[in-house]
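Working through the structure, step by step
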Amino acid sequence: MELPIAFEEKMKSMLGPDYENYLASFECEAFQGLRVNTSKISVDDFLAISPYELKPVPWCSNGFYYEKNEKPAKHPFYFAGLYYIQEPSAMTTASLLPIETGDVVLDLCAAPGGKSTELAAKLNGTGLLVTNDISNSRAKALLKNIEVFGVGNALVTSEPPNELAKRFPAFFDKILIDAPCSGEGMFRKQSNMTKAWESNGVDLFVGLQRSILKEAVTMLKPGGTIIYSTCTFSKEENEQSVEYLLSLDDSLYIEELPMVEGFDEGHPEWGNTGNEELRKCRRLWPHRINGEGHFVAMVKKRITNDNMKCIASSEYVFSKEKLSPDAKAFIESIDYPFDMSRIDVQKERVFYIPKEMPYVKGLRILRCGLYMGEMKKNRFEPSQSLAMFLKAHTYPNVIRLQADDDRVIRYLKGETIELSETEDNIKDGLCLICVLEYPLGFGKANRGTIKNKYLPGWRWM
């Protein structure tokens, strides 16, 4: 492919004799990857049912390459949220962030949700994930992926970083910043990116990155961790952005990242300060690994006497609306330890609020906690997000279908389906439709016919 001349000259300068190997990588096919949702299924259990020939991604324990001719986005397991389709290099960032049980985590530039879904899987229902994208339209795609993955402990927002920083000083244990960048690592996969690079260069993105980093530092708890990544090779957006981050707070320092075969160190000579600690960062080049390329750095904040004077965020404010008897009965029929004091009703819409949820009024919110459903006259209508949150064994009326049962696709297309003669144990009323043990959505049974309740916007196309 034809690369911008200025880009070629820059890469020759950076890579030296290795430049020809980099150039040769454009003759190779892009690599395809999927990442298993370990909050729904273990890697071993997924491999036992996977219809694909998979090869492990070396830097992500639940990441796999699949063959180009496969179509994993057209399989019921994808609709069940058992995996996320993700470029293999991009799996690095979230896989390296050391999430602990109960952490409060921020994904600051999150859409469409590849990294957020992995952070949520690592939290495994504990703590809180605040996942944000400044673009409201992109944040809608983020919300869908969060809900497909069955995440119930998330706050999905669409705010500029400075607005979040005003609300959440020293609030987060972990912050992930997959920064907007010039996208040099995407040239092979999306050749039109070269025109955008020629139009914007790197300076525009350097400014954006620094404005984001400045706000992120104020939101990090003492003892907390920021992981910063880009899908570009530019030294200005990588080593030099990390130097800028370190300059914002004397308590920040670079943490060493693992060295996987094919990874490269960060390069102090590409920075402005000569800081040898930059070697602890990691570069992924497309001619050295099976992926498009990435840059990752992890920065921690020391606990000092000065920075322990944290400002605690205010607690979530519940409405005074009451849960209807029908909604209460439905929620209590689920075999899950919901704390009924954490139920919030907003204009007859019912939400389950994680205990770590802060005060959120005034923010542009797409979702706060788990949307459970809507109270209607004399009934409760459970949501698609609740269906995805549940496990098959937690609901009393379940239809389990094999992946190759044609009723699965018909259900995902929004069609009415019929029970077989052997499924006479299904009671009339609301039922949970599953592929194997993994929920797809709700239906309503009536004398062997299942009225479809699958969310129209999610239907198989």
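I will try to describe carefully the structure that is included in this document. The shown structure was predicted, so the numbers you read here are calculated from the model rather than taken from an experiment.

Points about the packing of helix 10 (residues 203-219) against helix 11 (residues 239-247)
Put simply, helix 10 and helix 11 touch, their axes get as near as 10 Å, and they point 35° apart. Seen along the crossing, helix 10 lies across helix 11 with a hand that is right-handed. In this structure, helix 10 uses Gln 209, Arg 210, Leu 213, Lys 214 and Val 217 to contact helix 11, whose residues at the interface are Gln 240, Ser 241, Tyr 244 and Leu 245. Grouping the amino acids of the contact of helix 10 with helix 11 by side-chain chemistry returns four nonpolar, three polar and two charged.

A word on the packing of aromatic side chains
Remark: the centre distance and the inter-plane angle together describe each pair of aromatic rings, the angle taken between the planes. Under the definition given, this model contains 30 aromatic pairs. Between Trp 270 and Trp 285, the ring centres sit 6.3 Å apart and the planes meet at 85°, which makes this aromatic pair edge-to-face. Here Trp 270, found in the loop between strand 11 (264-265) and strand 12 (282-284), pairs with Trp 285, found in the loop between strand 12 and strand 13 (294-301); they are 15 residues apart in sequence, far enough to count as distant. The burial state of Trp 270 is the same as that of Trp 285; both residues are buried. Both rings, one in Tyr 395 and one in Phe 442, keep their centres 5.6 Å apart while their planes meet at 65°; by these two values the pair is edge-to-face.

Quick look at the environment of Lys 122
Tracing the backbone shows Lys 122 in helix 6 (residues 114-123). Residue Lys 122 is classed as partly exposed on the basis of its relative accessible area, which comes to 27%. Sequence spacing of Lys 122 and Trp 197 is 75 residues, and the spatial spacing of their C-alpha atoms is 34 Å. Setting aside chain neighbours within four positions, we find Lys 122 in contact with Ala 94, Ser 95, Leu 96, Leu 97 and Ile 99. Within the structure, Lys 122 has its side chain in polar contact with the backbone oxygen of Ala 94 (distance 2.9 Å). Side-chain polar atoms of Lys 122 contact the backbone oxygen of Leu 97, separated by 2.7 Å.

Topic: the state of the cysteines
Enumeration over the complete set of coordinates arrives at zero disulfides. In this model Cys 28 remains outside any disulfide bridge; the closest cysteine sulfur is found in Cys 231, 19 Å from its own. Judged by relative accessible area, which is 44%, Cys 28 ranks as partly exposed. With no disulfide partner, Cys 60 has as its closest neighbouring cysteine sulfur the one in Cys 231, 17 Å distant.

Rules of the game
Residues numbered from 1 in each chain as written. Predicted model: local features only at pLDDT ≥ 70, side-chain atom pairs only at ≥ 80, totals over all residues. Heavy atoms only, no water. Axes fitted to C-alpha atoms, helices over the stretch in contact; angles between N-to-C directions. Helix = DSSP H or I, 4+ residues; strand = E, 2+ residues; numbered from the N terminus. Left-handed = near helix turned anticlockwise from the far one by under 90°. Contact = heavy atoms within 4.5 Å. Nonpolar A, V, L, I, M, F, W, Y, C, P; charged D, E, K, R; others polar. Phe/Tyr/Trp six-rings, centres within 6.5 Å; stacked < 30°, edge-to-face > 60°. Buried < 20%, exposed > 50% of the residue type's maximum accessible area, 1.4 Å probe, protein only. Polar contact = N/O pair within 3.5 Å; in protein donor to acceptor, adjacent residues only side chain to side chain. Disulfide = S-S within 2.5 Å.

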